[in-house]
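Take a look at the letters that make up each chain.
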Amino acid sequence: MSHPCMTCGACCTQYRVAFHWMESDEVTPGGVPHQLTEPLDPHRLCMRGTHSKPVRCVALDAEIGVYSRCSIHPNRPSVCREVDASWEFGKASPQCDKARAIHGLPALSLESWAWRDGADHPDAA
């Protein structure tokens, strides 16, 4: 099995992705590609596609519920790094659950992460 986010992508179609302009690669080497952003206010940028309806981040390469990848994953904004998948770190994520429900996907559970138990526990057989 693979990480549940690799077959989801729902969060990237539900939320505005806003962040401080200093995260842009125009200011910070290796930052968020500036050409994929738009101004939000004097201090923040947002990812194109996330400031109007329908929301869909320009960096998302996905068929929701089938496959998903962030085309700028290593350079994604800090707010994207802060959204956890439900139960990935031992607790539910209301953002994840809501986005998945909107697309008719079931909420993730502890069992969604059973595939990695051996990797997380070096003493496992």
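It should be noted that the structure appears before, not after, this text.
Residues numbered from 1 in each chain as written. Predicted model: local features only at pLDDT ≥ 70, side-chain atom pairs only at ≥ 80, totals over all residues. Heavy atoms only, no water.

1. Examining the overall build of the protein
When helices and strands are counted, the protein shows three helices and five strands. In terms of overall dimensions, the protein has a C-alpha envelope of 50 × 35 × 20 Å along the principal axes. Expressed as a percentage of the 125 residues in the protein, the buried residues total 33%. Excluding contacts between residues fewer than 6 apart, the proportion of contacts in the protein whose partners are at least 24 apart in sequence is 52%. Accessible surface for the protein amounts to roughly 7,700 Å². Of this, 57% is attributable to carbon and sulfur atoms. Here the protein carries 12 positive and 15 negative side-chain charges, and the mean point of each set is 6 Å from the other. (Helix = DSSP H or I, 4+ residues; strand = E, 2+ residues; numbered from the N terminus. Buried < 20%, exposed > 50% of the residue type's maximum accessible area, 1.4 Å probe, protein only. Contact = heavy atoms within 4.5 Å. Areas by Shrake-Rupley, 256 points an atom, 1.4 Å probe, with all protein chains shown as cover. Lys, Arg positive; Asp, Glu negative; His and termini not counted. Charge placed at Lys NZ, Arg CZ, Asp CG, Glu CD.)

2. Section: the nonpolar core
By size, the foremost hydrophobic cluster in this structure holds 11 residues: V17, F19, V32, L36, L45, M47, C57, A59, L60, A62 and I72. Broken down by secondary-structure element, the contributors of at least two residues to this core are β3 (44–47) and β4 (60–63). Setting aside chain neighbours within four positions, we find A62 in contact with R56, Y67 and S68. In this structure, A10, Y15, A99 and L105 belong to the second largest nonpolar core, which totals five residues. (Core = buried A, V, L, I, M, F, W, Y, C linked by side-chain atoms within 4.5 Å.)

3. Let's talk about the packing of aromatic side chains
By the definition in use, this model includes one aromatic pair. Between W113 and W115, the ring centres sit 6.3 Å apart and the planes meet at 35°, which makes this aromatic pair tilted. (Phe/Tyr/Trp six-rings, centres within 6.5 Å; stacked < 30°, edge-to-face > 60°.)

4. Description of unusual backbone geometry
Cis geometry is found at the peptide bond from K53 to P54, where omega equals -10°. Tracing the sequence through the fold places P54 in the loop between β3 and β4. For W87, which is not a glycine, the phi torsion comes out positive at approximately 70°. Relative to the assigned elements, W87 resides in the loop between α1 (78–81) and α2 (94–102). W87 sits in the partly exposed class, given a relative accessible area of 28%.

5. A short note on the sheet that holds β3
In spatial order, the strands read β1-β3-β2; together these three strands make up an open sheet with antiparallel pairing. In this open sheet, the two strands that pair with only one neighbour each are β1 (18–20) and β2 (37–41). Neighbour-to-neighbour, the strand axes of the sheet open up by a mean angle of 40°, direction not taken into account. Relative to β3, β2 is paired through four bridges, and the arrangement is antiparallel. When the bridges of β3 are listed, E38 appears paired with C46. (Pairing = 2+ DSSP bridges. Axes fitted to C-alpha atoms, helices over the stretch in contact; angles between N-to-C directions.)

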